[in-house]
Amino acid sequence: MTNYDDIDFSPIMALTEGEVITHSPVRDVRLASGKVLALITLDNGRDHTRPNTLGPATLTELGETLAGLKARAAAGEIQAVGITGKQYILAAGADLSDISKVGSKDNARLIAQLGHKVIGSLSDLGVPSFAFVNGLALGGGMEIALNSTYRTVDASAAALALPEVFLGIIPGWGGAYLLPNLIGIENALEVVISNPLKQNRMLKPQQAYELGIFDEIYPASNFLENSLRWADEVLGGKKVERKNAPGKIERTVKWPVAIKMARGMLESKIGTVPKSPYAALELLDKARSGTKAEGFAREDEALAELVTGDQFAASMYAFDLVQKRAKRPVGAPDKALAKKVTKVGIIGAGLMASQFALLFVRKLQVPVLITDLDQARVDKGVAYIHEEIGKLEAKGRLDGDTANKLRGLVTGTTDKSLYADCDFVIEAVFEEVGVKQAVFGEIEKIIAEDAILATNTSSLSVEEIGSKLEHPERLVGFHFFNPVAVMPLIEIVKTSSTTEAALSTAFVVAKGLGKNAVLTADAPGFVVNRLLAKVMGEAARAVYEGTPVAEVEKAFGPLGLPMGPFQLIDLVGWKVAAHVQDTMVAHFPERFYANENFHALADLDQVVEKDKGGRVTGFTKAADKLVKQAAGNSPASADEILRRVQDGLAQEIRLMLDEGVVPEVEDIDLCLILGAGWPFIDGGASPYLDREGASERVFGGTFHTPVIRGIA
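Residues numbered from 1 in each chain as written. Predicted model: local features only at pLDDT ≥ 70, side-chain atom pairs only at ≥ 80, totals over all residues. Heavy atoms only, no water.

A.B. asks: Please explain the layout of surface pockets as it appears in this structure.
C.D. replies: Unoccupied space between atoms shows up once a probe the size of one water molecule is rolled over them. One number sums up the size of the second largest pocket: a volume of about 570 Å³. Lining the second largest pocket are 25 residues, with Tyr4, Asp5, His116, Lys117 and Ser121 sitting closest to its centre. Going through the elements one at a time, α2 (56-74), α4 (105-120) and α12 (292-307) are the ones with two or more residues in the lining of the second largest pocket. Counting residues per element, the lining of the second largest pocket draws most heavily on α2, at seven residues. Along the lines of polarity and charge, the residues of the lining of the second largest pocket split into eleven nonpolar, eight polar and six charged. (1 Å grid on protein atoms, 1.4 Å probe; cavity = no way out; pocket = protein on both sides within 12 Å on 5 of 7 lines; lining within 4 Å. Points joined across faces, edges and corners; volume = space filled by probe spheres on them. Helix = DSSP H or I, 4+ residues; strand = E, 2+ residues; numbered from the N terminus. Nonpolar A, V, L, I, M, F, W, Y, C, P; charged D, E, K, R; others polar.)

A.B. asks: Explanation requested: unusual backbone geometry in the structure shown.
C.D. replies: Excluding glycine, residues mostly have negative phi values, and the peptide bonds linking residues are mostly trans. For the bond from asparagine 482 to proline 483, the omega torsion is -5 degrees, close enough to zero to count as cis. Of note, proline 483 is situated in the loop between β15 (475-479) and β16 (489-494). Proline 706 follows threonine 705 through a cis peptide bond whose omega is -5 degrees. Phi at glutamine 365 takes a positive value of approximately 50 degrees, unusual for a residue other than glycine. Along the chain, the position of glutamine 365 falls in the loop between α14 (351-364) and β11 (368-371).

A.B. asks: Just checking my understanding: could you explain the pairing of strand β3 (residues 80-85) for this structure?
C.D. replies: Side-chain direction in a regular strand flips from residue to residue, so the side chains alternate between the two faces of the sheet. A large share of β3 lies buried, amounting to six of its six residues. Judged by which residues are buried, β3 turns out to be covered on both faces: Ala80, Gly82 and Thr84 on one side and Val81, Ile83 and Gly85 on the other are all buried. Note that strand β2 (residues 36-42) and β3 share six bridges and pair parallel. The residue bridging leucine 42 from the neighbouring strand is glycine 85, located in β3. Traced from β2 through α2 to β3, the parallel crossover comes out right-handed. (Buried < 20%, exposed > 50% of the residue type's maximum accessible area, 1.4 Å probe, protein only. Pairing = 2+ DSSP bridges. Right-handed = clockwise from strand over helix to strand, strands pointing away.)

A.B. asks: Whenever I open this one, the pattern of salt bridges confuses me. Can you help?
C.D. replies: If charged atoms from side chains of opposite charge come close, those side chains can pair. The final tally for this structure, using the stated rule, is 41 salt bridges. Between aspartate 28 and arginine 72 there is a salt bridge, with the nearest N and O atoms lying 2.6 Å from each other. Remark: arginine 72 occurs in helix α2 and aspartate 28 occurs in strand β1 (residues 26-30); sequence separation between them is 44 residues. By relative accessible area, which is 41% here, aspartate 28 ends up partly exposed. Between glutamate 282 and lysine 286 there is a salt bridge, with its nearest N and O atoms 3.9 Å apart. Note that glutamate 282 and lysine 286 are positioned in helix α11 (residues 276-286) at a spacing of four residues, about one turn of the helix. Residue classification places lysine 286 among the partly exposed positions, given a relative accessible area of 40%. Beyond isolated ion pairs, a larger network of salt bridges with shared partners links Arg530, Glu590, Arg591, Glu652 and Glu659. (Salt bridge = Lys/Arg side-chain N within 4 Å of Asp/Glu carboxyl O.)

A.B. asks: Quick question: what am I supposed to make of helix α23 (residues 574-587) here?
C.D. replies: Since there are 3.6 residues in each turn of an α-helix, residues three or four apart along the chain are aligned in direction. Here α23 spans 20 Å end to end across 14 residues, near enough to the 20 Å set by a 1.5 Å rise per residue. Listing the buried residues of α23 in full gives Trp574, Ala577, Ala578, Val580, Gln581, Thr583 and Met584. Of the surrounding elements, those touching the buried residues of α23 are α20 (528-545), α22 (565-572), α24 (597-602), β18 (608-610) and β19 (616-619). (Expected span 1.5 Å × (residues − 1). Contact = heavy atoms within 4.5 Å.)

A.B. asks: Would you take a moment to explain the environment of alanine 403 for this structure?
C.D. replies: Position of alanine 403 relative to the elements: it lies in helix α16 (residues 400-409). Relative accessible area serves as the criterion here: at 0%, alanine 403 is assigned to the buried category. The contacts of alanine 403, once residues within four sequence positions are left out, are Ile389, Glu393 and Leu398.

A.B. asks: Help me understand the nonpolar core, please; the structure alone is not making it clear to me.
C.D. replies: Membership of the largest hydrophobic core comes to 160 residues, with the highest contact counts inside it found for Leu160, Ile213 and Trp574. The greatest single-element share of this core, amounting to ten residues, is contributed by α20. Counting 43 residues, the second largest nonpolar core, distinct from the first, contains Ala353, Val361, Ala403 and Phe507. (Core = buried A, V, L, I, M, F, W, Y, C linked by side-chain atoms within 4.5 Å.)

A.B. asks: Please clarify how the side chain of serine 459 should be interpreted in this entry.
C.D. replies: Of note, serine 459 is situated in the loop between β14 (452-455) and α18 (462-465). Among residues more than four places away in sequence, those in contact with serine 459 are Glu431, Pro524, Gly525, Phe526, His579, Val580 and Thr583.

A.B. asks: Help me understand the sheet that holds β11 in this model?
C.D. replies: Strand pairing in a sheet is mediated by backbone hydrogen bonds. Such pairs are either parallel or antiparallel. The strand order across the open sheet built from eight strands is β12-β11-β10-β13-β14-β15-β16-β17, with neighbouring strands paired in mixed fashion. Edge positions in the open sheet fall to β12 (410-413) and β17 (516-521), since each of these has one partner strand only. Going from strand to strand, the sheet's axes swing by 25 degrees on average, the running direction of each strand aside. Relative to β17, β16 is paired through six bridges, and the arrangement is parallel. (Axes fitted to C-alpha atoms, helices over the stretch in contact; angles between N-to-C directions.)

Written out as structure tokens, the structure reads:
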């Protein structure tokens, strides 16, 4: 067993330079019974925009505070210890900037051990400890609660989670051992593994309470008073029941089955490249037996291993892009130049247009007009929007008044003259230049001179679409990703004539919609579709050479993408994919692959067969027959396919940078992470391509100097 008191932590104290220290002042609270609870309030002295974090200096100070309270408890001066946070925030976990600078595996282990020593002491004070979670609690913040004897939560807390697996590590300060022993294995699998892999999904306080993570939940208005009153009752003998705590049958029967099913699900959904989900799974599995000290020691080793690996280094790069660069888009003009948007027009009433309308009306809460060629289509579109608003209301995500207000803001018509007072008009019509030119030509005669036009084209030239407009300078590309409500990226495309006012309006609207916007030049496929077309094209090339589709899917596994190329094609639609490939081949015939046979496949009702996890296992009989007509008999090996796609991506990214499609490679990685679900553990594409040697093979250099690698 590890004796944390015997460890020399001085090597990691060098990491404290520049740390924003979260202090741990204490005040005694005399409860109604006369008992005294020593209340720690974590506070870094900053406002809510800089959450409390737990770096080495913070942990050291907290450790000294807790040691002092343990001595006071032994002397009979206090009967309980409570810990809470500054307004709205308990703690946002470890200071990740510190962790990424650890320098060695030994230091990484020390970070884990220091957390276990300090936070783990909450359960060893000689008196009960109470965590009063008054707001945001992530990672180490949640583990403060888990290490405490009892826990309450504020019903308005912003977010609660153990997000470590999302960042390529594991809950390393007790979470992987304590949580399953508190709420059962199935619930713990959801919190520790499933939620982080679902775009880092957070828990709401009520959910966390129902899972059994918290013993009580109280409204914000009197949260601390209620929590202290309840703590007094517990000290007086009130029994605390934990209905989800695992019993003997769960440990012996249910636990191993749940782990086995989770492993199968992971292999099916994400492949075997990501390390942290499997490391977390191993820790959760072993948590069913043995002591807490053994569980903590396993977490120490697992965290040291992962923190020093390539996947964590890439994750920190990706995290930085999403947290910082995405919030300050490069090239965005001054927002003061933006036109105020008081009404939005959407050309089209199909599924994509209806999804746009729902998003615009929910987020901007301004009138939204949809039009189409006939009233039946319009009515269908409006009905869909009303139905979706109804679903949100039923789930409690909208109250009745807001739902009625939103329904009232959406109108549909065939009368284009109603676009006259729209400030921002976006088209969602067929992906063909002539069609888009025609609808914009008609609308331009109706709208005000300073109204903005936006095209949702996925790969066509925005400049060409606007070439017949009287005022092409008002047109911007505004490319969403499917599903519109979920995907966080919008590619904003600037032409040679786009004004700063039009561009500024586009960025302000994107932010209002809750999206991250990246500015790109008007180049074929922009960023995401150009690179996905490379991926899909290389997959199609291999199939038409004669490689079985299931083997092609497996060959792409090491890229770590959320789905294989043919699974992706099936999601975006075979007709759309065929169109994008044709567009790219028309511009770059020497670098992109398309096959006429693709269009014949796209006409089929079903092209591929899948397993229960959604992975492609083969073509349908009809598709197989069609492919065999066009395929050769020179199958490529998995290594050859992977190398071709790696080198193809490296070449394309280098060319995009040389052509000025985006300012820097970070913008390409940001687009891939936000628009294509490229995994954090790769850091987007460029760090992965550097590590795999593709950058060196293609252009004799690397995208990053030094290459983004783990310490190990």
